[in-house]
Amino acid sequence: MAEKDELTTEDLRAEEFDRAAVGTVLAAGDWAGWDDLLDWLRTEGPGVPELSPGALRGIRQDAERACATGFPFPHDPDHLYALLRGQHLARAQD
């Protein structure tokens, strides 16, 4: 039972994500901006097998932070990854 609790805690933790995960998210739709992307991350994203729950949560949290900061939404996977990675590092320092 304790092992199950530990797995649940791990699944709920935001984790590092890679360029491939960001590419998967970007390729999943024709996003008009942060709001479209965030809606998909919250509703459809959990059903995508290529995205672990922790990576999905990390991408969502970092996208929320980028949106709140007012960054323009990049449609290029490398630019989006760099922007989200910067938000991830900033969040880790908070």
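Up top you'll find the structure we're talking about.
The next point concerns the overall build of the protein. Across its full length, the protein holds 5 helices and 0 strands. Here the protein holds 94 residues, and 33% of them are scored as buried. Considering only contacts in the protein between residues 6 or more positions apart, those separated by 24 or more positions represent 71%.

Glancing now at helix α4 (residues 53-69). Taking 1.5 Å per residue, 17 residues should reach 24 Å; α4 reaches 24 Å between its end C-alpha atoms and fits that length. Along α4, the residues classified as buried are Gly54, Ala55, Leu56, Gly58, Ile59, Asp62, Ala63 and Ala66.

Moving on to the pattern of salt bridges. One pass over the structure, following the stated rule, counts 4 salt bridges. With its nearest N and O atoms 2.7 Å apart, the salt bridge here joins arginine 85 to glutamate 16. With arginine 85 in helix α5 (residues 77-93) and glutamate 16 in the loop between α1 (2-12) and α2 (19-27), this residue pair connects regions lying 69 residues apart in the sequence. For arginine 85, a relative accessible area of 25% translates into the label partly exposed.

Taken N-terminus to C-terminus, the directions of helix α3 (residues 34-43) and α4 make an angle of 155 degrees; their axes are 10 Å apart at the nearest point. Here α3 is positioned roughly antiparallel relative to α4, judged by the angle of their axes. Considering only the axes of α3 and α4, their crossing is left-handed. Facing Trp34, Asp35, Leu37, Leu38, Leu41 and Arg42 of α3, the residues of α4 in contact are Leu56, Ile59, Arg60, Ala63, Glu64, Ala66 and Cys67.

As for its placement among the helices and strands, glutamate 50 is situated in the loop between α3 and α4. Along the chain, glutamate 50 and alanine 21 lie 29 residues apart, while their C-alpha atoms are 7.3 Å from each other.

Bringing the nonpolar core into the picture now. In this structure, Phe17, Trp34, Leu37, Leu41, Ile59 and Leu84 are the most contacted members of the largest nonpolar core, which totals 23 residues. Counting residues per element, the ones that place at least two in this core are α2, α3, α4 and α5. Apart from the residues within four sequence positions on either side, tryptophan 34 is in contact with Ala63, Ala66, Cys67, Phe71, Pro72, Phe73, Pro74, Leu80, Leu83 and Leu84.

Scoring rules and cut-offs
Residues numbered from 1 in each chain as written. Predicted model: local features only at pLDDT ≥ 70, side-chain atom pairs only at ≥ 80, totals over all residues. Heavy atoms only, no water. Helix = DSSP H or I, 4+ residues; strand = E, 2+ residues; numbered from the N terminus. Buried < 20%, exposed > 50% of the residue type's maximum accessible area, 1.4 Å probe, protein only. Contact = heavy atoms within 4.5 Å. Expected span 1.5 Å × (residues − 1). Salt bridge = Lys/Arg side-chain N within 4 Å of Asp/Glu carboxyl O. Axes fitted to C-alpha atoms, helices over the stretch in contact; angles between N-to-C directions. Parallel < 35°, antiparallel > 145°, perpendicular 65-115°, else oblique. Left-handed = near helix turned anticlockwise from the far one by under 90°. Core = buried A, V, L, I, M, F, W, Y, C linked by side-chain atoms within 4.5 Å.

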